[in-house]
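# Structure assessment
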There are 4 protein chains.
Amino acid sequence: MSSTILHGIIGYTITPFGSDGTLDLPALGRSIERLLAGGVHAIAPLGSTGEGAYLSDPEWDAVVEFSLKTIAGRVPTIVSVSDLTTARTVRRARFAERLGATAVMVLPVSYWKLNEAEILAHYRAVGEAIGIPVMLYNNPGTSGTDLPVELILRIVNEVENVTMVKESTGDIQRMHRLRLLSDGQVAFYNGCNPLALEALVAGAKGWCTAAPNLIPEHNRALYEAVQEGRMEDARESFYRQLAVLDYITRRGLPTTIKAGLRMTGLEVGVPRLPLQELDGDGQRYLQGLLTALQ
Amino acid sequence: MSSTILHGIIGYTITPFGSDGTLDLPALGRSIERLLAGGVHAIAPLGSTGEGAYLSDPEWDAVVEFSLKTIAGRVPTIVSVSDLTTARTVRRARFAERLGATAVMVLPVSYWKLNEAEILAHYRAVGEAIGIPVMLYNNPGTSGTDLPVELILRIVNEVENVTMVKESTGDIQRMHRLRLLSDGQVAFYNGCNPLALEALVAGAKGWCTAAPNLIPEHNRALYEAVQEGRMEDARESFYRQLAVLDYITRRGLPTTIKAGLRMTGLEVGVPRLPLQELDGDGQRYLQGLLTALQ
Amino acid sequence: MSSTILHGIIGYTITPFGSDGTLDLPALGRSIERLLAGGVHAIAPLGSTGEGAYLSDPEWDAVVEFSLKTIAGRVPTIVSVSDLTTARTVRRARFAERLGATAVMVLPVSYWKLNEAEILAHYRAVGEAIGIPVMLYNNPGTSGTDLPVELILRIVNEVENVTMVKESTGDIQRMHRLRLLSDGQVAFYNGCNPLALEALVAGAKGWCTAAPNLIPEHNRALYEAVQEGRMEDARESFYRQLAVLDYITRRGLPTTIKAGLRMTGLEVGVPRLPLQELDGDGQRYLQGLLTALQ
Amino acid sequence: MSSTILHGIIGYTITPFGSDGTLDLPALGRSIERLLAGGVHAIAPLGSTGEGAYLSDPEWDAVVEFSLKTIAGRVPTIVSVSDLTTARTVRRARFAERLGATAVMVLPVSYWKLNEAEILAHYRAVGEAIGIPVMLYNNPGTSGTDLPVELILRIVNEVENVTMVKESTGDIQRMHRLRLLSDGQVAFYNGCNPLALEALVAGAKGWCTAAPNLIPEHNRALYEAVQEGRMEDARESFYRQLAVLDYITRRGLPTTIKAGLRMTGLEVGVPRLPLQELDGDGQRYLQGLLTALQ
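A short tour of the structure in this document, coming up. The shown structure was predicted, so the numbers you read here are calculated from the model rather than taken from an experiment.

Right, let's talk about the pattern of salt bridges for a bit. Counted according to the given criterion, the structure contains 83 salt bridges over all chains. A salt bridge links Asp281(A) to Arg284(A), with the nearest nitrogen and oxygen atoms 2.9 Å apart. One end of the pair is Asp281(A) and the other is Arg284(A), both in helix H12 (residues 280-292) and three residues apart, which spans about a single turn. Among the residues examined, Asp281(A) registers a relative accessible area of 57% and is labelled exposed. Relative accessible area serves as the criterion here: at 58%, Arg284(A) is assigned to the exposed category. Across the pair Lys258(D) and Glu51(D) runs a salt bridge, and its minimum N-O distance is 2.7 Å. Highlighted residues: Lys258(D) in helix H11 (residues 253-263) and Glu51(D) in the loop between strand S2 (42-44) and helix H2 (57-71), separated in sequence by 207 residues. Judged by its relative accessible area of 2%, Lys258(D) falls in the buried class. Exposure remark for Glu51(D): the relative accessible area of 0% places this residue in the buried category. Three or more residues are tied together by salt bridges with common partners; here these are Asp57(A), Asp83(A), Arg88(A) and Arg92(A).

As a further point, take the packing of helix H1 (residues 25-37) of chain C against helix H2 (residues 57-71) of chain C. Between two packed helices, the angle of one axis relative to the other and the distance separating the axes together describe the packing. Residues and elements named next belong to chain C. Across the interface, H1 lies against H2 with an axial gap of 10 Å and an inter-helix angle of 40°. Relative to H2, H1 is oriented oblique. H2 is crossed by H1, and the crossing has right-handed handedness. Within the contact between the two elements, H1 uses Leu25, Leu28, Gly29, Ile32 and Glu33 and H2 uses Val63, Phe66, Ser67, Thr70 and Ile71.

Opposite the 25 residues of chain A that make contact, chain D presents 25 residues. Interface area, chain A with chain D, both sides summed: about 2100 Å², of which 64% is carbon and sulfur. Interface area lost by chain A to chain D is led by Val201(A), Met231(A) and Tyr239(A), which between them contribute 32%. Here chain A is connected to chain D by zero salt bridges. Our count for the contact surface shared by chain A and chain D stands at 10 residue pairs in polar contact (both at pLDDT 80 or more). Of all elements in the fold, only helix H7 (172-181), helix H8 (196-201) and helix H10 (231-251) of chain A reach the threshold of two or more residues within the side of chain A that touches chain D. In terms of residues, the side of chain A that touches chain D owes the most to one element, H10(A), which gives seven residues.

Further remarks concern helix H6 (residues 149-158) of chain C. Among the residues making up H6(C), those that are buried are Val149(C), Leu151(C), Ile152(C), Leu153(C), Ile155(C) and Val156(C). Taken together, the buried residues of H6(C) touch helix H4 (116-129), strand S5 (134-138), strand S6 (162-167) and helix H7 (172-181) of chain C.

Quick look at the packing of aromatic side chains now. Each aromatic ring pair is summarised here by two numbers: the centre-to-centre distance and the angle between the ring planes. Tallied over the full model, the rule gives 16 aromatic pairs over all chains. Against the face of Phe95(B) rests Arg91(B), its NZ or CZ located 5.9 Å from the ring centre. Above the plane of the ring of Tyr137(C) lies Lys166(C), whose end atom (NZ or CZ) is 3.7 Å from the centre.

All right, on to the relation of the copies chain A and chain B then. Note on the copies: chain A fits chain B at an RMSD of 0.0 Å, the axial shift is 0.0 Å, and the rotation between them is 180°. What the superposition gives is, in effect, a two-fold axis relating one chain to the other. Residue Gly144(A) of chain A places its C-alpha closer to the rotation axis than any other residue of that unit, at 3.1 Å. Interface residue correspondence from chain A to chain B reaches 100%, placing this contact among same-surface, isologous pairings.

Bringing the sheet that holds strand S3 (residues 78-80) of chain D into the picture now. Residues and elements named next belong to chain D. Read across the open sheet, the eight strands follow the order S2-S1-S8-S7-S6-S5-S4-S3; overall the sheet is parallel. Because the sheet does not close on itself, it has two edges, and the strands there are S2 and S3. Going across the sheet, the axis of each strand differs from the next one's by a mean of 30°, ignoring polarity. Across three bridges, strand S1 (residues 8-12) lies against S2 in parallel orientation. In the sheet register, Gly11 faces S2, and the bridge partner there is Ile43. Docked against the sheet, helix H6 (residues 149-158) engages strand S5 (134-138) and strand S6 (162-167), running at close to 155° with respect to S6.

Turning to unusual backbone geometry, a few remarks are in order. The omega torsion across Leu273(A) and Pro274(A) is 15°, close enough to zero to call that bond cis. Mapping Pro274(A) onto the fold places it in the loop between helix H11 (253-263) and H12. The phi dihedral of Asp183(A) is positive, around 50°, even though this residue is not glycine. Along the polypeptide, Asp183(A) turns up in the loop between H7 and strand S7 (187-190). Located in the positive-phi region is Ala72(B), a residue other than glycine, with phi close to 50°. The exposure class assigned to Ala72(B) is exposed, which follows from its relative accessible area of 56%.

The next subject is the interface of chain A and chain B. Taken together, the 34 residues of chain A in the interface contact 34 residues of chain B. Where chain A abuts chain B, roughly 2900 Å² becomes buried across the two surfaces, and 58% of that area is made up of carbon and sulfur atoms. Of all residues in chain A, Tyr111(A), Trp112(A) and Pro274(A) bury the most surface against chain B, accounting for 29% of the area lost on that side. Seen at the junction of chain A and chain B, the total is zero salt bridges. For the side of chain A that touches chain B, the secondary structure elements donating two or more residues are helix H3 (86-98), helix H4 (116-129), helix H5 (140-143) and H11 of chain A. Broken down by element, the side of chain A that touches chain B gets its largest block of residues, four residues, from H4(A). Residues belonging to the side of chain A that touches chain B are distributed by class as follows: 17 nonpolar, 12 polar and five charged.

About the cut-offs
- Residues numbered from 1 in each chain as written.
- Chains lettered and ligands numbered in written order.
- Predicted model: local features only at pLDDT ≥ 70, side-chain atom pairs only at ≥ 80, totals over all residues.
- Heavy atoms only, no water.
- Salt bridge = Lys/Arg side-chain N within 4 Å of Asp/Glu carboxyl O.
- Helix = DSSP H or I, 4+ residues; strand = E, 2+ residues; numbered from the N terminus.
- Buried < 20%, exposed > 50% of the residue type's maximum accessible area, 1.4 Å probe, protein only.
- Axes fitted to C-alpha atoms, helices over the stretch in contact; angles between N-to-C directions.
- Parallel < 35°, antiparallel > 145°, perpendicular 65-115°, else oblique.
- Left-handed = near helix turned anticlockwise from the far one by under 90°.
- Contact = heavy atoms within 4.5 Å.
- Buried area = accessible area lost by both parts, 1.4 Å probe.
- Polar contact = N/O pair within 3.5 Å; in protein donor to acceptor, adjacent residues only side chain to side chain.
- Phe/Tyr/Trp six-rings, centres within 6.5 Å; stacked < 30°, edge-to-face > 60°.
- Lys NZ or Arg CZ within 6 Å of the ring centre and 35° of its normal.
- Least-squares fit on C-alpha atoms with pLDDT ≥ 70 in both.
- Pairing = 2+ DSSP bridges.
- Nonpolar A, V, L, I, M, F, W, Y, C, P; charged D, E, K, R; others polar.

Here it is as structure tokens:
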């Protein structure tokens, strides 16, 4: 299974809407081509950035189908299939597998706090329903549930195809503990943009990020500098792009990435309410950051 | 509009499922009759306790319709209409109004953190779509978004029919500030069971709670003792029921209320996965607490 | 020992300094007479408000000696003897006992975080060194160490003369748990001014507060209303004084109480650096609050 | 002044006590020689590890005098002079300067929370009282006060000889912001052992640590690997020593370093109460970690 382990820059797609609020698949196609042209090593359709939580089931299915068909195996794909019930998550996972996804990503979203038995059973149900690898995704900032490292490792040990861990708490100590407690056997990925330098140095296999929609060459440069042990280059590259990474993460990825794409000539509409489009001040600030990076 | 302001014990319904996982409306009817027999002052269908987040739209609609028809105006009703998008929340609010709900409750659930403008616009959209009162519900523990008192008051001031505030942070200082900053003009409600005594003493108009499914006489006794200024009785009543209030809140309301109802002879099934039914130890503990209260 | 249990309004003294920064004991005498005239039920020399942490040992001894001589048994006294080492805390406790203090108060201040064994041993050492009661004081906001309820109860059970608990976390659930887990046998006291109403309603035996330096009649009125079961009066009294309680707590007690005393004609100097005197805006704000209360 | 900026491994001394609890200066001398033999780039007498907070003034003075005389300029020295009042901090800073310290370190310890004006004035008072550089030390875990990056930079800008910043929050984003907001002009140091790899990669000039008392060759190897851009070596070195770094930080530096020194044949006594010596389980665990590193 190790051959299917993802690595490198894993770029997130946005979900474009037309002016009437419905899906704009042609724009999605153009944004996917941009990510590919930018040199990402893999693509993650419908993650948090893709507003998956705000789509109806038919919309969700359409986006996955279109995305996988567009990518067409040019890079590996990992589809975020998280949903509020186990049954709906399983349905999405099977759908993604059937359409050819390389792997799926599962965040333990819930309304009520889940206990450890419930979280484990949820991952087991998803894992057993499909034959492709699962990336466990820990992000208490969006899911409301924080998975301790011990629980993550228990899930990895007990559910065979949970083989990757995406950590988005922003606490580098979590990655240290994942590595120490698993003797370096668990592949972990960084999901916190402003931690990219340190996570890669600490051994993250990849960086899951929406940033390559806007600054792919900088993201790749940082990754490659760390891979090749060019520490000074890595540090410089990181500090150069840090203000962008900080801002898009803090201000919200669908909001800022959609605004940034429009600035660079790719119209993808605005996020779905209650999310609003980036306001004028935000647009000027983001434009300034992007211009400074060119 | 003050005549429509709710007060007293506002009881939450659960949503019964049959052994095949589908809605069991007859059991829902029986649980509603229990709440009414227990003397609640109002009923809140489909709040957090009702697993509203885990239902499909047709299920959600069916539960609201059945609940309102069963209650049939015997007490005021307040329907939780929160959903992830503004459009879906508005649809639910209109649906509840059309079927005769007294008021609706709105929690700013979202996947992405909302900023203040987004939260305000969301409440404005819901408020303007309906003609009945809205209870703003603040519960960062489930929504992930904490509304500061200043923002709550701004929403109350700017959206005409947001006339009630349910506070579930468990921090009594929030209620103090709501009262001080509004000169006592904003009706606030307690949504944190183990804070019931203090919230009522501090001036809460009512107590939104799932506890009356199991111990309605104790909940009402506490409320009445505070209303009548019998402080010693209030304190005694509170400490007598506190262990139950603590446990159901901490262990999860759908899980514990469904288990408790079964213990008292009303079969309502188990929560929907990933939520699991209360395990054996939990059942024994809850049974002990309930027995001690008889 | 129950006869020595304190109750009611326990007023904190400030420590006046002259313009040269040295102790001004005559002013201390005047401030103590004010507290007594205000009707406090007990006095706590040299608590946090008294800047005990900023005094040299000779200064500390002089303040205790002068305070106890001035009070002269007119009300019970409880001296805060906390210090960074166990040995110094024991010395202070013995000194206070020898000079006639009714009880001592001990906060587990430390530089390094203490584990449970260290905290227990610290209380045991102090308890065994003296024959008067000890009030355990939990205030992570100043001590950096938060004592869980279970540890507090263990200390109370294992160290005979630790018979009182002052809770200053501001979390009313701590008091609930102290009462539930001890079957109501542990005397607890409120140390968080803006929680005074609820703590007293929940069963606190007393309210440890610096507020009676400025508004003793309001503090006493609240206490008496709760004692006599006049709930509406209690609520009104509380909300009337809440802005003062909030401000002095938030802005710092030595700073605000010294400024307030000066406003009312009692010159007690300014706090010791790094603490600064209340600035002009703060003085105007506090003056406004105090005037509104007259 | 840049020539006096410290760099590299900055080793902390412990303060040995004899069996009667008094200072054991000969043992202190031996521990200093060990640090020097271990190749530290600078020594920090009487930091947190040195139990400075638990010493009397005469003891504190004696330790500083003895330490500086023993080091005798073989490496630069930085003395922690923090105390609860500004006056006492200034006295210590002047004392350290007079005895030849290269620099002093100041943590804004206080009992009462300080506001920004108070913190700035405190640093200004210390800075103006001496002619040697000051390292501002931010460690809310021990001081109870967290200095935001903006305040740190304001102090650095307004107080001429505050030229170094030691960050111990463990949050790498603080270092990012220090670097970004100061255009890389502020020298920052890592004070959180388990963050050593990432802090150095992110540009920290040095690592303030008590670890070289026990594993100096590993600390130096990590520092040198980062300096020389050997990223794979740095990562391996870090993970090899991480369990030790984690444990001594989490369990308390005076407690664990003193136990570890005894294991390696250097008797330095036990910490001062309320701190206790490492218990049997702790000793076995630490011994195991140290043995594994040899």
